[in-house]
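Letter by letter, the chains look like this.
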Amino acid sequence: MTDEELVVEFALTRLDNPDLDLEEIAALVVRRMGADRMLEFASRNLATRGELRGAVFPTAVEHVLRVVLTLRGPVD
């Protein structure tokens, strides 16, 4: 899954759940994607951080947030 596809999925989930904060939306995205994507996101995040291991779900959620906030750009 590309970063752009992930941002679209995040945006659609946010539209469905406007009252949730960003981390809760990222957690929903990870849950909806399933186990294979969760492992993919976690491994990409660990590689970015230069670490060898971590808890899968929170690490995958962190990856989703990192991608969304990075592509979102700087705040004016």
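Quick caveat: nothing in here was measured; it's all calculated off a predicted structure.

## Side note on the overall build of the protein chain
Counting its secondary structure elements, the protein chain contains four helices and zero strands. Each helix (α) and strand (β) of the protein chain, taken in turn from the N terminus, gives the series α-α-α-α. For 76 residues, the compact-globule formula gives about 11 Å, and the C-alpha radius of gyration of the protein chain, at 12 Å, lands near that figure. Dimensions of the protein chain along its principal axes, counting C-alpha atoms only, are 35 × 30 × 20 Å. Sequence-distant contacts in the protein chain: of pairs separated by 6 or more residues, those separated by 24 or more amount to 44%. As presented, the protein chain carries roughly 5000 Å² of accessible surface, and 55% of it is formed by carbon and sulfur atoms.

## Notes on helix H4 (residues 56-72)
In a regular helix each residue adds 1.5 Å, so 17 residues correspond to 24 Å; H4 covers 24 Å between its end C-alpha atoms and thus fits that length. Taken together, the buried positions of H4 are Thr 59, Ala 60, Val 61, His 63, Val 64, Leu 65, Val 67 and Val 68. In the core, the buried residues of H4 are packed alongside helix H1 (3-16), helix H2 (22-33) and helix H3 (35-49).

## Some words on the confidence of the model for the protein chain
Averaged over all residues, the pLDDT of the protein chain equals 90, while 95% of them reach at least 70. The element-level mean pLDDT for the protein chain is lowest in H4, coming to 90, with H2 highest at 95.

Quick notes on the rules
One numbering rule holds for all chains: residues counted from 1, following each sequence as written. Reporting of local features is limited, given that this is a predicted model, to residues whose pLDDT is at least 70; pairs of side-chain atoms are given and counted only at 80 or more, and all residues count toward the totals for whole chains, interfaces and linings. Only hydrogens and water are set aside when side-chain values are computed; all heavy atoms of the structure are taken into account. Secondary structure elements follow DSSP: runs of H or I of four or more residues count as helices, runs of E of two or more count as strands, with numbering from the N terminus. Our radius of gyration is a C-alpha quantity, and the globule rule it is checked against amounts to 2.2 Å times the number of residues to the power 0.38. Note on contacts: a residue pair qualifies if any of its non-hydrogen atoms lie within 4.5 Å across the two residues. Values of accessible area rely on a 1.4 Å probe in the Shrake-Rupley scheme; residue burial ignores everything except the protein chains shown. A helix is expected to span 1.5 Å multiplied by its residue count minus one. Per-residue accessibility, obtained with a 1.4 Å probe over protein chains only, is compared with the maximum for each type, and a residue is labelled buried under 20%, exposed over 50%, and partly exposed between these values. The predictor reports its confidence for every residue as pLDDT, a score running from 0 up to 100.

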